[in-house]
Amino acid sequence: MATFVLVPGGWHGSWSFEAVVPLLERAGHAVHALTLTGLRPDDGNAAIATANLDTHADDVLRLLDRAHITSATLVGHSYGGMVIAAAADRAGGRISRLVHLDAYVPRDGESCWSSTTERYRQVFVAGAAATGYTVRPPDGGDPRRRPHPLASFLQTIRLTGALAQVPRREFIYCSGWEDRTPFAELRTRLQADPGWQVHDLPTGHDAMHEAPEAVAALLLGERTADASTHGCGS
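Description of the structure in this document. (Residues numbered from 1 in each chain as written. Predicted model: local features only at pLDDT ≥ 70, side-chain atom pairs only at ≥ 80, totals over all residues. Heavy atoms only, no water.)

### Let's talk about the pairing of strand 4 (residues 95-101)
Part 1: By the criterion of burial, strand 4 is predominantly enclosed, with 6 of the 7 residues buried.
Part 2: Note: strand 3 (residues 72-77) against strand 4, 6 bridges, orientation parallel. Bridging from a neighbouring strand, threonine 73 pairs with arginine 97 of strand 4.
Part 3: A crossover links strand 3 with its parallel partner strand 4, the connecting element being helix 4 (residues 80-90), and its sense is right-handed. (Buried < 20%, exposed > 50% of the residue type's maximum accessible area, 1.4 Å probe, protein only. Helix = DSSP H or I, 4+ residues; strand = E, 2+ residues; numbered from the N terminus. Pairing = 2+ DSSP bridges. Right-handed = clockwise from strand over helix to strand, strands pointing away.)

Okay, here's the thing in structure tokens:
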């Protein structure tokens, strides 16, 4: 039995994995879907204003401690890739697998801000205009989305090298939004890295909603008819 810890992307909560969780549980696995600090409905202004990338990595580490998890599969969507990288680097060997689901895969000293495209930097700037410390969700999308702590998008990650010791590292590239994705160059970089396995999924960015069965199949290590795999794992 595997233990999955699912970390949502910007503006989202645990609900973003609502269609995937039962599929993993039905296969006999333990699943923990997180809502990060500052994104919870009862979080006050102080929590939202002070939450940063370190705060969100600590959310993951506290779960590992609380649930006594010693071999976790961390799954991060979009911004959540920053979070699982930071958490895995500090988890003391308790992470057995990382899955970046159309998500940032940072190197030491990078941030979500520096890793994304100018298009999304402008989204962050415009979204933060009202408060200066939160970024409102882009127009459209799920009404459950909440303003996201700006500091978490801006803070640079500090990695010690422990991340490279995680036995399995995977990247799922969603190819159905090629005109807007900020992850095309990242996909090319990881395909050339023998430490990473790269999967292609022909969906838009929110693959968990568009194709939950395909996402679950990849997380369960199953090949899907419409997903292709490149590179080799380590």
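Let's pick the thread back up.
### Structural notes on helix 10 (residues 212-219)
Part 1: The buried fraction of helix 10 amounts to 7 of the 8 residues, a majority that puts the element mostly inside the structure.
Part 2: Where helix 10 terminates, the next one or two residues include glycine 221, which has phi positive at roughly 80°.

### Quick word on the state of the cysteines
Part 1: Evaluation of the coordinates by the stated rule reveals 0 disulfides.
Part 2: Cysteine 112 carries a free sulfur, and the closest cysteine sulfur to it, the one in cysteine 174, is 16 Å from it.
Part 3: When its relative accessible area of 0% is taken as the criterion, cysteine 174 is described as buried. (Disulfide = S-S within 2.5 Å.)

### Thoughts on a nonpolar patch on the surface
Part 1: Together, Trp113, Val125 and Leu154 give the surface a local cluster of nonpolar side chains, amounting to about 250 Å² of exposed area.
Part 2: Mapped onto the secondary structure, tryptophan 113 falls in helix 5 (residues 112-115). (Patch = residues over 30% accessible without salt bridge, like charges linked within 9 Å, V, L, I, M, F, W, Y side chains within 5 Å. Areas by Shrake-Rupley, 256 points an atom, 1.4 Å probe, with all protein chains shown as cover. Salt bridge = Lys/Arg side-chain N within 4 Å of Asp/Glu carboxyl O.)

### A short note on unusual backbone geometry
If a residue is not glycine, its phi is most likely negative; likewise, a peptide bond is most likely trans.
Part 1: Look at tryptophan 11: it is not a glycine, yet its phi comes out positive at around 75°.
Part 2: Secondary-structure assignment places tryptophan 11 in the loop between strand 1 (3-7) and helix 1 (21-26).
Part 3: Non-glycine residue serine 78 carries a positive phi angle of around 55°.
Part 4: Mapping serine 78 onto the fold places it in the loop between strand 3 and helix 4.

### Points about the pattern of salt bridges
Part 1: According to the stated counting rule, one finds 13 salt bridges in the structure shown.
Part 2: Aspartate 65 serves as the salt-bridge partner of arginine 94, at 2.7 Å between the closest nitrogen and oxygen. Of this pair, arginine 94 sits in the loop between helix 4 and strand 4 while aspartate 65 sits in helix 3 (residues 53-66), placing them 29 residues apart in sequence.
Part 3: A residue is classified by how much of its surface remains accessible, and aspartate 65, at 44% relative accessible area, is partly exposed.
Part 4: The residue arginine 97 makes a salt bridge to glutamate 170 at a minimum N-O spacing of 2.8 Å. Here arginine 97 is found in strand 4, whereas its partner glutamate 170 is found in strand 7 (residues 168-174), with 73 residues between them in sequence.
Part 5: Classification of arginine 97 as buried rests on a relative accessible area of 6%.
Part 6: For glutamate 170, a relative accessible area of 2% translates into the label buried.

### A short note on the pairing of strand 7
Part 1: Of all 7 residues making up strand 7, 6 are buried, and the element is well covered by its neighbours.
Part 2: Examined bridge by bridge, strand 4 and strand 7 share 5 bridges and lie parallel to one another. Opposite arginine 97, over in strand 7, you have arginine 168 as the bridge partner.
Part 3: As paired strands, strand 7 and strand 8 (residues 197-201) are joined by 5 bridges and run parallel to one another.

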